[in-house]
Amino acid sequence: GLLTQIPGRGLFVTRMDAGTMSDFIDYRLGIEMQAASIVADRISALRAAGDEDGARELLAPLRDCLERTRTALAAGEVIEAGTAALELHQLLAELARNPFLISAMSTIVILTRMGSFSDPLGFGVRADITSAHQKLLDALSAGDASRARAVLRETLQELAGRLRSGEHTQRV
């Protein structure tokens, strides 16, 4: 769980159950899909202006996070992989340059981490997280907002479905 301080009452361990996490993922989906749309549109604008270097530079931090996730998973460092994966999502919001999306995503990262550590089976990372992130980066790199949203929708709705059904494991 996560320690939560309530002024005047003290510290409490907060846990998120499967139903709460499922509702949260619906919220997360809206925030991330909008951020992805903005970033994809920025990539399209850069490419339309002939700025291929700018498009590559814009996505470089996301590629770095993906590589750190891959490296951590290969080394069996699950918490480090999860941290890098969440950083990718935070950076996506930051690249959108919308302070409200950035703030919402910061909260989402905290709540995602809280939910991950509240899982009775322990902290885990999807075995296929890097392929999902690669698909997202490919869509963003192509400036394809629709495909980027579809990748996020598929990934997060699959997770929400697992949480709603109570299924906590994924076959590798």
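Let me sum up the structure you'll find in this document. (Residues numbered from 1 in each chain as written. Predicted model: local features only at pLDDT ≥ 70, side-chain atom pairs only at ≥ 80, totals over all residues. Heavy atoms only, no water.)

### Brief notes about the packing of helix 2 (residues 52-74) against helix 3 (residues 78-96)
Two numbers describe how helix 2 lies on helix 3: the axes approach to 8 Å, and their chain directions differ by 170°. The angle between helix 2 and helix 3 places the two elements in the roughly antiparallel class. Contact with helix 2, carried on its side by L58, P61, L62, C65, L66, R68, T69, A72 and L73, involves E80, A81, A84, A85, E87, L88, L91, L92 and L95 of helix 3 and no other residues of that element. Grouping the amino acids of the contact of helix 2 with helix 3 by side-chain chemistry returns 14 nonpolar, one polar and three charged. (Axes fitted to C-alpha atoms, helices over the stretch in contact; angles between N-to-C directions. Helix = DSSP H or I, 4+ residues; strand = E, 2+ residues; numbered from the N terminus. Parallel < 35°, antiparallel > 145°, perpendicular 65-115°, else oblique. Contact = heavy atoms within 4.5 Å. Nonpolar A, V, L, I, M, F, W, Y, C, P; charged D, E, K, R; others polar.)

### As for the pattern of salt bridges
Tallied over the entire structure, the rule returns seven salt bridges. For R47, the salt bridge identified is with E52, shortest N-O distance 2.7 Å. The partner of E87 in a salt bridge is R68, with the nearest N and O atoms 2.9 Å apart. In this pair, E87 sits in helix 3 while R68 sits in helix 2, placing the two residues 19 residues apart along the sequence. Taking the relative accessible area as the measure of exposure, E87 reaches 32% and is therefore partly exposed. The class for R68 is partly exposed, based on a relative accessible area of 32%. (Salt bridge = Lys/Arg side-chain N within 4 Å of Asp/Glu carboxyl O. Buried < 20%, exposed > 50% of the residue type's maximum accessible area, 1.4 Å probe, protein only.)

Don't take any of this as a statement about function, it's just geometry.
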